[in-house]
Each structure stands twice: as C-alpha cells, then as structure tokens.
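Below are the chains, spelled out letter by letter.
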Amino acid sequence: VDSAVLILLDNSGSMEYLTKDGVTRMQAAVPVVVALHAAATAAGAAVAVDAFNIATTPVVSWGAPTAKLAGLISKINPNYNTNDYQAVRLAGDKLLARPEQRKVLIVITDGNGDRERTSKHVAALERCGVTVIGIGILLDSEMTSVYPSSINVKNLQDLASASFKHIKVAMA
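Residues numbered from 1 in each chain as written. Predicted model: local features only at pLDDT ≥ 70, side-chain atom pairs only at ≥ 80, totals over all residues. Heavy atoms only, no water.

**Some words on the sheet that holds strand β5 (residues 130–137)**
Pairing in this open sheet of six strands is mixed, and the strands run β3-β2-β1-β4-β5-β6 from one edge to the other. Across the chains shown, the open sheet's two edge strands, defined by having one partner strand only, are β3 (56–60) and β6 (150–153). Averaged over neighbouring strand pairs, the angle between their axes works out to 20° when direction is ignored. Contacts between helix α2 (residues 66–73) and the sheet are confined to β1 (3–10), β2 (46–52) and β3, with β3 contributing the most and set at about 130° to the helix. (Pairing = 2+ DSSP bridges. Helix = DSSP H or I, 4+ residues; strand = E, 2+ residues; numbered from the N terminus. Axes fitted to C-alpha atoms, helices over the stretch in contact; angles between N-to-C directions. Contact = heavy atoms within 4.5 Å.)

Take a look at the structure:
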C-alpha cells in the first residue's frame, strides 16, 4: 500500500467533557487512534499522529511503532481552544510533502471549531488529491458541511467499528 496516513486528534478542552458512559471524549478517542494506527501500519502505510488545540503537536512521527504511540497518547491532557483549521492546513502540508501516492487525513474531533475556515482547507486538500475523513465524537450536529466524507458517532461502542469502515474505503 503506497499510502501516507496522518491521524489528527482533537486535544481541545471540550474533549475533557464526560460522556453518558462516564468517560471523557478523549478517553473514548485514544483507543481508536491507537487501533487505526496499528491497522494502517499493518497494511503497509506510513502513519503519523498529531494532536491539536491552539497549536498542533506531533504525537508520533512517520513510521513510529504503535507501542510508542500507545505510551505517549494516553498522557495527552486536553485543554485550550479548537484551532482545527490551522491543524488541518498543517496536516495537509505534511501529507503533500510525502512521497506516497495515496494520502489520507483522518480528523477525530468533537467538532467545536471553526467550521467555515476548516471546510475551506478540507476542500483545498481534496482538490490536491488528499482523502480527508472526519470522525465526529458525540456531536450535536452532522459534520458533512466540514468533512464531506465523515461519520458522526453517537454511541461510543460504535466508535471503533464505524471508524474502521470509513478507513477501509479510503485505503482500498
């Protein structure tokens, strides 16, 4: 698989909100990020993970083992605002600089960012050949206006399976 996959995890303060299941949105997202990293790596893709709030921070760089990601990602403390438009732009720049033929950006978010500016960056990346997938965690509204290829997971038990179904299509 000649693919580069960048997983972009929302690390804003709203990811600390408790769900009805008694876990935070971040606690629900972390195992999904680790599983997506493992699956894409096993498929032969180059994979990196970044987290974003007011700034974008690399969690693991291209080719890092999933075990390293698992150790680091659980230490992330969500805070500040959701600067999703800048994070999507920076992630796109990283992907476009990669030599792989297929480029996939997966954004896992609770959607409390700047929808208008982010949707413009998503559209620009898609025109450049980057597949952008949005995975919404317990959103009050759909996110297709920002991420045309997206899912909005309302039930935490469905988060992993719904995510994998979307990713499988992108990697095919």
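**Here we look at the packing of aromatic side chains**
The geometry of an aromatic ring pair is captured by two quantities: the separation of the ring centres and the angle between the planes. Counting across every chain of the model gives zero aromatic pairs. The residue whose ring lies beneath R98 is W62, and the NZ or CZ to ring-centre distance is 4.4 Å. The side chain of R117 reaches across the aromatic face of Y85, ending 3.7 Å from its centre. (Phe/Tyr/Trp six-rings, centres within 6.5 Å; stacked < 30°, edge-to-face > 60°. Lys NZ or Arg CZ within 6 Å of the ring centre and 35° of its normal.)

**A look at the packing of helix α1 (residues 25–42) against α2**
For the pair α1 and α2, the least separation of the axes is 10 Å and the interaxial angle reads 165°. As summarised for this structure, α1 and α2 are arranged roughly antiparallel, according to the angle between their axes. As α1 runs across α2, the sense of the crossing is right-handed. Between α1 and α2, the contacting residues are V30, V33, V34, H37, A38 and T41 on the first element and T66, L69, A70 and I73 on the second. Along the lines of polarity and charge, the residues of the contact of α1 with α2 split into seven nonpolar, three polar and no charged. (Parallel < 35°, antiparallel > 145°, perpendicular 65-115°, else oblique. Left-handed = near helix turned anticlockwise from the far one by under 90°. Nonpolar A, V, L, I, M, F, W, Y, C, P; charged D, E, K, R; others polar.)

**Digging into the confidence of the model for the chain**
When pLDDT is low, close inspection of the predicted coordinates is not appropriate. Taken as a whole, the chain shows an average pLDDT of 87; of its residues, 87% reach a score of 70 or greater. Of all the helices and strands in the chain, helix α5 (residues 159–171) carries the lowest mean pLDDT, 57, while β2 carries the highest, 97. (pLDDT = per-residue confidence, 0-100.)

**What to know about the pattern of salt bridges**
Throughout the structure, instances matching the rule amount to five salt bridges. Among the salt bridges present, the one from D50 reaches K94, with a minimum N-O distance of 2.7 Å. Placement of the pair is D50 in strand β2 and K94 in helix α3 (residues 84–96), with a sequence separation of 44 residues. Note that K120 and E116 form a salt bridge whose closest N and O atoms lie 3.7 Å from each other. Taken together, the residues K120 and E116, both in helix α4 (residues 115–127) and four residues apart, mark about one turn of the helix. Like K120, the residue E116 is exposed in the burial classification. (Salt bridge = Lys/Arg side-chain N within 4 Å of Asp/Glu carboxyl O. Buried < 20%, exposed > 50% of the residue type's maximum accessible area, 1.4 Å probe, protein only.)

**A closer look at the pairing of β6**
With burial as the criterion, each face of β6 is covered, one bearing S150 and N152 and the other bearing I151 and V153. Of the pairings in the sheet, the one linking β5 to β6 comprises four bridges and is parallel in character. Pairing of G134 across the sheet is with S150, part of β6.

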